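# Observations on the model geometry
As a plain string of letters, each chain reads:
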Amino acid sequence: MHAASAPATASARHTAREPAGLVTLVGSALSNQTGAAVGSLAFPVLGPLGVVAVRQYVAAVVLCAVARPRPRSFTRHQWWPVLLLALVFGTMNLSLYTAIDRVGLGLAVTLEFLGPLAIALSAARRRVDACCALVAAAGVVTLMRPQPSADYLGMGLGLLAAVCWASYILLNRTVGRRIPGARGSAAAAAVSALMFLPVGIVLAVRDPPAPTALAYAVVAGVLSSAVPYLADMFTLRRVSAPAFGLLMSVNPVLAGLVGWIVLGQSLGPVEWAAVGAVVAANALSVLASRR
């Protein structure tokens, strides 16, 4: 009787803990998009490059404090994916924040979201996944349709962020296999922060930023790096992988809402339909995988 009841008890505990994990995941996504919006308020003073530099510093401090990496113990076999991850980490954030500056938060995050969606769809071989890919592609074509005011450079940077996010996922897996825990990711964050150190020095010496702009950038680092990282550590212990993938879909929607509320960047019906297509493609793929 005890042997039979043990799995049931464990299942009940997981079911009881999952709502807390789901709430945390949504809160993490909201924090991430709010941080990006707050960071963009510093663009007139620091520019996207300066804001990203500060964000990288904050990410490095938080990750190193939590994971406590030991770089001297890394072998060459371990170092090369860490260095690649650092490069991708910085490029991803810089391309995303520059895209936000040019095309707005909602559209930039929707384009970036194609990265993890492509990873998920590429691993599947079902007809439904092919349909999901077509739906997502239709959404992207709608977002990037020719218009007199279309900012193709900003859209291209959003797609570059998507490529970087997909690369980030794959490299994180490699680093995780070669270096236990989160020490590899923390080391990559530290290296990325060092890469952006000259940017911070130039900004501080040439034109010291106003405290308000610097505070916006620090808040962006906390909300978009520290909070999501810690929240994801909590969430992944309480939420199944399919549920996690499904709720990742809220990021483009929340980005559109936060961009509208915080920055006054409103999306038209066509843009919202395109965002909905990308979100629906991810949700349908995840739900189909659970059957």
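Predicted model, so just to flag it, every value in this text is computed and none were measured.

The next point concerns the overall build of the protein chain. Across its full length, the protein chain carries 13 helices and zero strands. Counting helices and strands in the order they occur from the N terminus, the protein chain gives α-α-α-α-α-α-α-α-α-α-α-α-α. Summarising the internal contacts of the protein chain: among those between residues at least 6 apart in sequence, 88% fall at separations of at least 24. Here the protein chain has roughly 14200 Å² of accessible surface; of this, 69% comes from carbon and sulfur atoms.

In this model, Arg 68 sits at a positive phi of 50 degrees, which is unusual for a non-glycine residue. Mapped onto the elements, Arg 68 comes out in the loop between α2 (43-67) and α3 (76-103).

Attention now goes to the packing of aromatic side chains. In this structure the tally under the stated criterion is four aromatic pairs. Considering the side-chain rings of Phe 113 and Trp 165, the 6.4 Å spacing of their centres and the 65 degrees angle between planes classify their relative orientation as edge-to-face. Of this pair, Phe 113 sits in the loop between α4 (105-112) and α5 (114-122) while Trp 165 sits in helix α7 (residues 152-178), placing them 52 residues apart in sequence. Like Phe 113, the residue Trp 165 is buried in the burial classification.

Let us look at the side chain of Gln 33. Along the chain, Gln 33 falls in helix α1 (residues 2-40). On the accessibility criterion, Gln 33 (4% relative accessible area) is buried.

Relative to the helices and strands, Leu 157 is located in helix α7. Look at Leu 157 and you get buried, because its relative accessible area is 18%. Here the alpha-carbon distance between Leu 157 and Ile 100, two residues 57 residues apart in the chain, equals 9.1 Å. Each residue touching Leu 157, except ones within four places of it in the same chain, is listed here: Ser 95, Thr 98, Ala 99 and Arg 102.

On to the nonpolar core, then. Formed by 70 residues in total, the largest nonpolar core has its most connected members in Tyr 97 and Leu 105. With near-sequence residues (within four places) excluded, Tyr 97 lies in contact with Gly 35, Ala 36, Phe 43, Pro 48, Val 51, Val 52, Arg 55, Ala 220 and Ser 224.

Once that is clear, we can look at a nonpolar patch on the surface. The grouping of Leu 41, Val 253, Leu 257, Trp 260, Ile 261, Val 262 and Trp 272 at the surface amounts to a nonpolar patch, some 630 Å² of accessible area in total. Ranked by residues supplied to the nonpolar patch, first place goes to helix α12 (residues 250-263) with five residues. Summarising the element assignment, Trp 260 is placed in helix α12. Assessed through its relative accessible area of 53%, Trp 260 is described here as exposed.

With that settled, the discussion passes to the packing of α4 against α5. Where α4 contacts α5, the two axes come as close as 5 Å, and the packing angle between them is 25 degrees. Classed by the angle they form, the pair α4 and α5 counts as roughly parallel. Where α4 abuts α5, its residues Thr 110, Leu 111 and Glu 112 lie against Leu 114, Gly 115 and Pro 116. In terms of residue class, the contact of α4 with α5 is made up of three nonpolar, two polar and one charged.

Moving on, we get to the environment of Gly 200. As for its position among the elements, Gly 200 is in helix α9 (residues 197-206). A relative accessible area of 22% means that Gly 200 is categorised as partly exposed. Sequence separation between Gly 200 and Val 51 is 149 residues, and the spatial gap between their C-alpha atoms is 9.5 Å.

Position of Glu 271 among the secondary structure elements: in helix α13 (residues 269-289). Not counting residues within four places of it along the chain, the set of residues in contact with Glu 271 comprises Leu 107, Leu 143 and Arg 145.

Moving on: the environment of Ala 217. In this structure, Ala 217 sits in helix α10 (residues 211-235). The class of Ala 217 is buried, set by a relative accessible area of 0%. In this structure the C-alpha to C-alpha distance between Ala 217 and Pro 48, which are 169 residues apart in sequence, comes to 9.7 Å. For Ala 217, the contacting residues outside a window of four places in its chain are Ala 42, Leu 46, Val 51 and Val 54.

Across the protein chain, pLDDT averages 81, with 82% of residues at or above 70. Low pLDDT (under 50) marks residues 1-16, which in the prediction has three contacts with non-local residues, meaning those over four places away or in another chain.

The rules behind these values
- Residues numbered from 1 in each chain as written.
- Predicted model: local features only at pLDDT ≥ 70, side-chain atom pairs only at ≥ 80, totals over all residues.
- Heavy atoms only, no water.
- Helix = DSSP H or I, 4+ residues; strand = E, 2+ residues; numbered from the N terminus.
- Contact = heavy atoms within 4.5 Å.
- Areas by Shrake-Rupley, 256 points an atom, 1.4 Å probe, with all protein chains shown as cover.
- Phe/Tyr/Trp six-rings, centres within 6.5 Å; stacked < 30°, edge-to-face > 60°.
- Buried < 20%, exposed > 50% of the residue type's maximum accessible area, 1.4 Å probe, protein only.
- Core = buried A, V, L, I, M, F, W, Y, C linked by side-chain atoms within 4.5 Å.
- Patch = residues over 30% accessible without salt bridge, like charges linked within 9 Å, V, L, I, M, F, W, Y side chains within 5 Å.
- Salt bridge = Lys/Arg side-chain N within 4 Å of Asp/Glu carboxyl O.
- Axes fitted to C-alpha atoms, helices over the stretch in contact; angles between N-to-C directions.
- Parallel < 35°, antiparallel > 145°, perpendicular 65-115°, else oblique.
- Nonpolar A, V, L, I, M, F, W, Y, C, P; charged D, E, K, R; others polar.
- pLDDT = per-residue confidence, 0-100.

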